[in-house]
Structure formats: structure tokens, C-alpha cells
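What follows is each chain in one-letter form.
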Amino acid sequence: MSPYNNFEEYNIKITDEVKGRYKTIITELGEDPEREGLLKTPERAAKAMQFLTQGYYKDPAEILKGAMFKEDYNDMVIIKDIELYSLCEHHILPFFGKAHIAYIPDGQIVGLSKIPRVVDVFARRLQVQERLTHDILECINNTLKPKGVAVVIEASHMCMMMRGVQKQNSVTTTSGFRGQFEKIETRNEFLKLISSDLS
Ligand SMILES: Nc1nc2c(ncn2[C@@H]2O[C@H](COP(=O)(O)OP(=O)(O)OP(=O)(O)O)[C@@H](O)[C@H]2O)c(=O)[nH]1
Ligand SMILES: [Zn+2]
């Protein structure tokens, strides 16, 4: 578990630690961390990595709870093409793509912006695409308690592009469905709407 209680505490304190480790890594890789272009690199890299992993310090359920409203709307709400950037936990290299999310309210709706915020909280951790998909799905399901929720993520993995198998065009799709989306007609309606340019 993290020794830090919140994002502010973590943000201030951890930089020196991570910075020092980056300096060591740069040296071990055969570079000179004292040359001009690299002088500030350990600090920049530490800050970048902190930014990309800030999701450990944020509570996604609280984000949703901050904007839930009673509303008598019982049809599908879809937010599609939510861009996401995450880090694969095996290589600490980016994977990136889009999330498409739908839910069917059960007496309450959620502020639209909160859904992409939840995506970011879980994406800004060390992840695999499958767990990222389920984390988002379960968070919305358990917090908003809708009649149904669906999450589809399409992503490209840099660890499969820049290195390893070196496939530039493969896209991985993961999905999860709860409640009414477990019914084939509802699921198909959602899949049709996210693949249409008119939705
Ligand atoms: N299931 C899943 N696998 C992932 C994800 N991101 C990266 N990987 C895979 O994690 C696996 C790690 O496999 P290893 O054999 O331990 O590592 P490796 O020798 O670097 O593997 P290669 O990438 O095939 O060179 C690789 O097959 C990656 O493609 C993800 O989000 N989900
Ligand atoms: Zn990887």
C-alpha cells in the first residue's frame, strides 16, 4: 500500500524519490545524466510518471457520487469515443484508445463528465486492458446502481508496436456487460449505436 494519504501529499513528496531512481536508470542505460539536455530529465520523467499514475490517489466512486441526480429517464445513455491513455503493467509502456460506455438508469442519472473522469482514474494506474474494463464496469454498477451498464474498450498497445511482436495495426477490444445489457437485444442496440456515426 502507498505510504501517502492523498494526491497532494504524494505529489509533493514522491518526486525526489522517483527523480533519484530515474537518474540511476539513465546512468545504467549508458547516458550521462549531467549533460545539459538530461539535467532536468529525472525530474520531468518523475513528474510525468506521477501524472500517469495519479489514479491510485483518487476515489472513482466519490466522483460519481458527486453528481448523481434523481431523474425519471429509463432509456440508454451512451457516452462513446472517450479517449484514454493507460500504462501496461507488464512493460510500463502506454496503451491508448477509446472507451464506449452506456448505462440504463434506475431512478438516477449521473453528470455526464463524471463517466470520462472515472475512466481516467482507472486508466492512470498500471493496468491490463481487461481489468481496466472491469474496474470501470463494476464502479458504475456498484455506485450508480443502474438497470444495466456496458463498457467497450478498443486500444493499441505500445509494447506490441515498438518492441516485442512489433505489430503496428492490431487493436484489442475488451467488453463487459451487466444487468439489462446481458440481454442480447439490448447489447446489440448498444453495439449498433457505438459503431454508427449518427449516434
Ligand atoms: N492480456 C493482456 N496482455 C497484455 C496487456 N498489455 C500487455 N500485455 C501482454 O503481456 C504479455 C507479457 O508476456 P511476457 O512473455 O511475460 O513478456 P514479454 O517476453 O515481454 O512478451 P512479448 O511482448 O511477447 O515480447 C505480452 O504478451 C503482452 O502483449 C493487456 O492489457 N492485457
Ligand atoms: Zn506491455
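The structure this text deals with has already been given above.
Not measured: the values here are computed from a predicted model.

Conventions used here
- Residues numbered from 1 in each chain as written.
- Chains lettered and ligands numbered in written order.
- Predicted model: local features only at pLDDT ≥ 70, side-chain atom pairs only at ≥ 80, totals over all residues.
- Heavy atoms only, no water.
- Phe/Tyr/Trp six-rings, centres within 6.5 Å; stacked < 30°, edge-to-face > 60°.
- Helix = DSSP H or I, 4+ residues; strand = E, 2+ residues; numbered from the N terminus.
- Buried < 20%, exposed > 50% of the residue type's maximum accessible area, 1.4 Å probe, protein only.
- Lys NZ or Arg CZ within 6 Å of the ring centre and 35° of its normal.
- Contact = heavy atoms within 4.5 Å.
- Salt bridge = Lys/Arg side-chain N within 4 Å of Asp/Glu carboxyl O.
- Pairing = 2+ DSSP bridges.
- Axes fitted to C-alpha atoms, helices over the stretch in contact; angles between N-to-C directions.

(A) Layout of the packing of aromatic side chains. Within this structure, the stated rule accounts for three aromatic pairs. Aromatic pair F177 and F190: ring centres 6.4 Å apart, planes at 80°, arrangement edge-to-face. Here F177 is found in strand β7 (residues 172-179), whereas its partner F190 is found in helix α7 (residues 184-195), with 13 residues between them in sequence. By the burial criterion, F177 is buried, and F190 matches it. Here a set of aromatic residues connected by ring pairs shows up, and it is made of F177, F181 and F190. Above the ring of F177, the side-chain terminus of R187 is found at 4.1 Å from the ring centroid.

(B) Geometry of helix α4 (residues 114-123). Turning to α4, its buried residues are I115, V118, V119, V121, F122 and A123. The elements touched by buried residues of α4 are α3 (60-65), β2 (77-88), β3 (94-104), β4 (108-110), β5 (126-127) and α5 (129-144).

(C) The pattern of salt bridges, seen in detail. With the rule as written, the count across this model stands at nine salt bridges. The salt bridge involving K47 is made with E43; its shortest N-O contact spans 3.2 Å. You can see K47 and its partner E43 sitting in helix α2 (residues 41-52), four residues apart, about one turn around the helix. Taking the relative accessible area as the measure of exposure, K47 reaches 47% and is therefore partly exposed. We note a salt bridge from R178 to E138, for which the minimum N-O separation is 2.5 Å. With R178 in strand β7 and E138 in helix α5, this pair connects stretches of sequence that are 40 residues apart. Overall, the relative accessible area of 23% leaves R178 in the partly exposed class.

(D) Layout of the sheet that holds β5. Ordered by their spatial adjacency, five strands build an open sheet running β5-β2-β3-β6-β7, and the pairing between neighbours is mixed. At either margin of the open sheet sits one strand with a lone partner, and together these are β5 and β7. One ladder, built from 10 bridges, connects β3 with strand β6 (residues 148-157); its direction is antiparallel. Looking at β6, one finds that A102 is bridged to A150. Across the face of the sheet, α4 comes into contact with β2, β3 and β5 while running at roughly 15° to β2.

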